[in-house]
Amino acid sequence: MPTPPCCRTLLARSPSAEVARCSCGHIHLSLGPMTIRMDEGTLHAMWLTLGDALRALSPAAETVPEAATTGGWKQ
């Protein structure tokens, strides 16, 4: 009995990337002509790593408002 073909569901799309979930459980991240297949945990870890990189690149990374660091409300 042949295995049914995988079916992808689009999760997100932008001009430079696309993310889809496959019926077999994998996540497909497409960047231009390249597609990276991973599990959901790897996608989450990659998201955290990219966030760290963006914060490190941000010129405002060293000047975080006090309310954001303490969690308190200031007027």
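Everything below is about the structure printed above this text.
Residues numbered from 1 in each chain as written. Predicted model: local features only at pLDDT ≥ 70, side-chain atom pairs only at ≥ 80, totals over all residues. Heavy atoms only, no water.

A. Representation of the side chain of histidine 28 in the model. For histidine 28, the location among the structural elements is in strand S3 (residues 27–31). A polar contact of 3.2 Å, which involves the side chain of histidine 28, links it to the side chain of arginine 8. (Helix = DSSP H or I, 4+ residues; strand = E, 2+ residues; numbered from the N terminus. Polar contact = N/O pair within 3.5 Å; in protein donor to acceptor, adjacent residues only side chain to side chain.)

B. Broad picture of the pattern of salt bridges. In total, this model carries 3 salt bridges according to the counting rule given. For glutamate 18, the salt bridge is made with arginine 13, and the minimal N-O distance between the two is 2.9 Å. (Salt bridge = Lys/Arg side-chain N within 4 Å of Asp/Glu carboxyl O.)

C. Structural context of the pairing of strand S1 (residues 8–13). Two strands pair when backbone bridges link them, and S1 and strand S2 (residues 17–22) are joined in this way by 5 bridges, in the antiparallel orientation. Bridge assignment links arginine 13 to a residue of S2, and that residue is glutamate 18. Once S1 ends, the chain turns through 3 residues before running back antiparallel as S2. (Pairing = 2+ DSSP bridges.)

D. Inspection of a nonpolar patch on the surface at higher detail. A cluster of nonpolar side chains, namely Leu31, Met34 and Ile36, defines an oily patch on the protein surface of about 240 Å² accessible area. Looking at the secondary structure, you find leucine 31 in strand S3. Classification of leucine 31 as partly exposed rests on a relative accessible area of 35%. (Patch = residues over 30% accessible without salt bridge, like charges linked within 9 Å, V, L, I, M, F, W, Y side chains within 5 Å. Areas by Shrake-Rupley, 256 points an atom, 1.4 Å probe, with all protein chains shown as cover. Buried < 20%, exposed > 50% of the residue type's maximum accessible area, 1.4 Å probe, protein only.)

E. Expanded view of the sheet that holds S2. With antiparallel pairing, 4 strands are arranged side by side in an open sheet as S1-S2-S3-S4. The sheet terminates laterally at S1 and strand S4 (34–38), the two strands that pair on one side only. Between one strand axis and the next, the sheet turns by 25° as a mean value, whatever way the strands run. The strands touched by helix H1 (residues 40–57) are S2, S3 and S4; relative to S4, the strand with the most contacts, the crossing angle is about 115°. (Axes fitted to C-alpha atoms, helices over the stretch in contact; angles between N-to-C directions. Contact = heavy atoms within 4.5 Å.)

F. Representation of H1 in the model. Counted at 1.5 Å a residue, the expected span for H1 with its 18 residues is 26 Å, and the 26 Å between its end C-alpha atoms agrees. Two or three places before glycine 41, at the opening of H1, aspartate 39 has a side-chain oxygen 3.3 Å from that residue's backbone nitrogen. (Expected span 1.5 Å × (residues − 1).)

G. Highlighting the side chain of serine 30. Within the secondary structure layout, serine 30 lies in strand S3. Judged by relative accessible area, serine 30 falls into the buried class, the value being 15%. At 2.9 Å, the side chain of serine 30 forms a polar contact with the side chain of threonine 35. Ignoring any residue separated from it by four or fewer positions in sequence, one finds serine 30 in contact with Ser16, Ala17, Glu18 and Thr35.

By themselves, these figures tell us nothing about what the structure is for.
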